[in-house]
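Reading the structure
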Amino acid sequence: MMNETITQKPDFDFDNFTFGLQATDRMLVARYENGAWSDFKIGPVQNISLSPLAMCLHYGQTVFEGLKAFRTVDGKINVFRLESHYKRMNRSLERMAMPPLPASCFIDGIRELLSKESKWVIDDPEYALYIRPFAVATENKLGVDASKEYLFMVVLSPLKAYYSRPLRVKVETDYIRSSRGGTGSAKNGGNYGASLLPQIKAKEDGFDQIIWLDAKERKFIEESGTMNIMFILNGKTLLTPSLSDSILDGITRNSILSLAPDLGLEVEERAIEVTEILKRIRSGEKVEAFGVGTAAVISPIKEISYKGEIFKTFVDENADMYRIKNKLADIRRGLSPDKFGWSDLV
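As a starting point, this report considers the structure included with it.

1. Notes on the pairing of strand S17 (residues 309-312)
In this structure, strand S16 (residues 297-306) lies alongside S17, joined through 4 bridges in antiparallel fashion. When the sheet's bridge partners are listed, Glu-303 is paired in S17 with Lys-312. Counting the residues in the hairpin turn of S16 and S17 gives 2 residues, including Lys-307, whose phi is positive at 50°.

2. So, the side chain of Glu-276
Within the fold, Glu-276 resides in helix H6 (residues 274-282). Here the side chain of Glu-276 touches Arg-270 through a polar contact of 2.8 Å, side chain to side chain. Beyond its immediate sequence surroundings of up to four residues, Glu-276 is in contact with Leu-239 and Arg-270.

3. Things to note about the nonpolar core
Counting residues in hydrophobic clusters, the biggest one holds 45 residues, and the most contacted among them are Leu-101, Phe-106, Ile-131 and Phe-152. Of all the elements in the fold, those that place two or more residues in this core are strand S1 (26-33), strand S5 (67-71), strand S6 (77-80), helix H2 (82-95), helix H3 (103-116), strand S7 (128-137) and strand S8 (150-159). Other than its neighbours up to four places away in sequence, Leu-101 contacts Trp-37, Tyr-86, Met-89, Asn-90, Leu-93, Phe-106 and Phe-152. Counting 23 residues, the second largest nonpolar core, distinct from the first, contains Leu-167, Leu-239, Ala-289 and Ile-301.

4. Some remarks on the side chain of Thr-237
Locating Thr-237 in the fold gives a position in strand S13 (residues 237-240). When neighbours within four sequence positions are excluded, Thr-237 is seen to be in contact with Phe-231, Ile-232, Leu-265, Glu-266 and Glu-268.

5. As for the packing of aromatic side chains
Under the definition given, this model contains 15 aromatic pairs. Aromatic pair Phe-12 and Phe-14: ring centres 5.0 Å apart, planes at 80°, arrangement edge-to-face. With respect to class, Phe-12 is no different from Phe-14; both count as buried. With a centroid separation of 5.3 Å and 50° between ring planes, the pair formed by Phe-12 and Phe-17 is classed as tilted. In this structure Phe-12 comes out as buried when scored by relative accessible area, which is 16%. A cation sits over an aromatic face here: Lys-286 above Phe-314, 4.8 Å from the ring centre.

6. Notes on helix H5 (residues 251-259)
For an α-helix the count is 3.6 residues per turn, leaving residues at separations of three or four pointing the same way. Buried residues dominate H5, accounting for 7 of its 9 residues. Here H5 has its buried residues at Ile-251, Thr-252, Arg-253, Ser-255, Ile-256, Leu-257 and Leu-259.

7. Looking at helix H4 (residues 189-204)
Under the 1.5 Å per step criterion, the end-to-end length of H4 is 23 Å for 16 residues, consistent within 8% with the ideal 22 Å. Along H4, the largest kink reaches about 35° and is centred on Leu-196; proline Pro-198 follows within four residues of it. Every buried residue of H4 is accounted for by Asn-191, Ser-195, Pro-198, Gln-199 and Ala-202. Buried residues belonging to H4 abut strand S9 (167-171) and strand S10 (209-213). The N-cap residue of H4 is Asn-188: its side-chain oxygen and the backbone nitrogen of Gly-190 are 3.1 Å apart. Just downstream of H4, Gly-206 is the residue with a positive phi angle, here 95°.

8. Let's talk about the pattern of salt bridges
Any two side chains of opposite charge can pair, given that their charged atoms come close. Inspection of the entire model under this criterion finds 23 salt bridges. The salt bridge involving Asp-124 is made with Lys-160; its shortest N-O contact spans 3.5 Å. Of this pair, Asp-124 sits in the loop between H3 and S7 while Lys-160 is found in the loop between S8 and S9, placing the two residues 36 residues apart along the sequence. Here Lys-160 falls in the partly exposed class, since its relative accessible area comes to 24%. Among the ionic pairs, Arg-270 bridges to Glu-276, the shortest N-O distance being 2.8 Å.

Cut-offs used in this document
Residues numbered from 1 in each chain as written. Predicted model: local features only at pLDDT ≥ 70, side-chain atom pairs only at ≥ 80, totals over all residues. Heavy atoms only, no water. Pairing = 2+ DSSP bridges. Helix = DSSP H or I, 4+ residues; strand = E, 2+ residues; numbered from the N terminus. Polar contact = N/O pair within 3.5 Å; in protein donor to acceptor, adjacent residues only side chain to side chain. Contact = heavy atoms within 4.5 Å. Core = buried A, V, L, I, M, F, W, Y, C linked by side-chain atoms within 4.5 Å. Buried < 20%, exposed > 50% of the residue type's maximum accessible area, 1.4 Å probe, protein only. Phe/Tyr/Trp six-rings, centres within 6.5 Å; stacked < 30°, edge-to-face > 60°. Lys NZ or Arg CZ within 6 Å of the ring centre and 35° of its normal. Expected span 1.5 Å × (residues − 1). Bend = angle between axes of the 7 residues up to and from the residue. Salt bridge = Lys/Arg side-chain N within 4 Å of Asp/Glu carboxyl O.

Dropping the structure here:
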């Protein structure tokens, strides 16, 4: 490990920036060779060098995670649900035939990296430091096989609102995100690469995101763009699709489902036909729709387009989804007790 003193406040405009364009000063790196991960090292953010034969460039062995660190009201750094993200990373690695990471690399490594970059975690309720762990295959070999060498890295990037306004979404009826038996429940690069073209087409039509349907029948709701999707029906029931191997097991999804009963909401996880939601909206029911994910947290959906027809959802400022979002924010910043043990304090 590299012994470095913590820098003073970074020369960075925390009020005006675009997420994902700026890394902090340091990154974490570990290598997998000869059947084992070597000790991680923390050093300056810098470019990496790969052979054009590196297997990640050809066969898609790339896995990543996304989590956040917050400054609590008593000045600590809260790495929210660190262990849950570690476990999901290893599930994704297993699905992509990649070696699991030891906790010493992922958990201890992220904690040490944040301790060195603590000045980047500012005291602002609208701000978080986004943490991006990822692993790629680096063996120099052409041939469809699992690599024997890998690189694990963690970079950090400042984050504020991911989506700044309620979204207009289109139900995608031609393309699919994932199918049963595929890699939809793994957080791997291929899932996201395959989603880009339909999302570009939706944006060309004036929509912010898309709602994915199941691959077999094209009638059951699965996810929304890069997020899990949820609905609140008449202020009583929180409804979301059941997990499967074509749906990502979202950490934010799990957090919201855990909080909902405390806010007086019944929870239903089941198959949801898109026509059910649209019929409810058409009949005048109060239907809240929103995407949930680490970067976005909760992103309200104001309009759903299905086969050219527009359906408007409930996005009033007093909507129940905002109560859930505020409760989650209070736990992350230490304003409410964390009875679930989600907070990992640095």
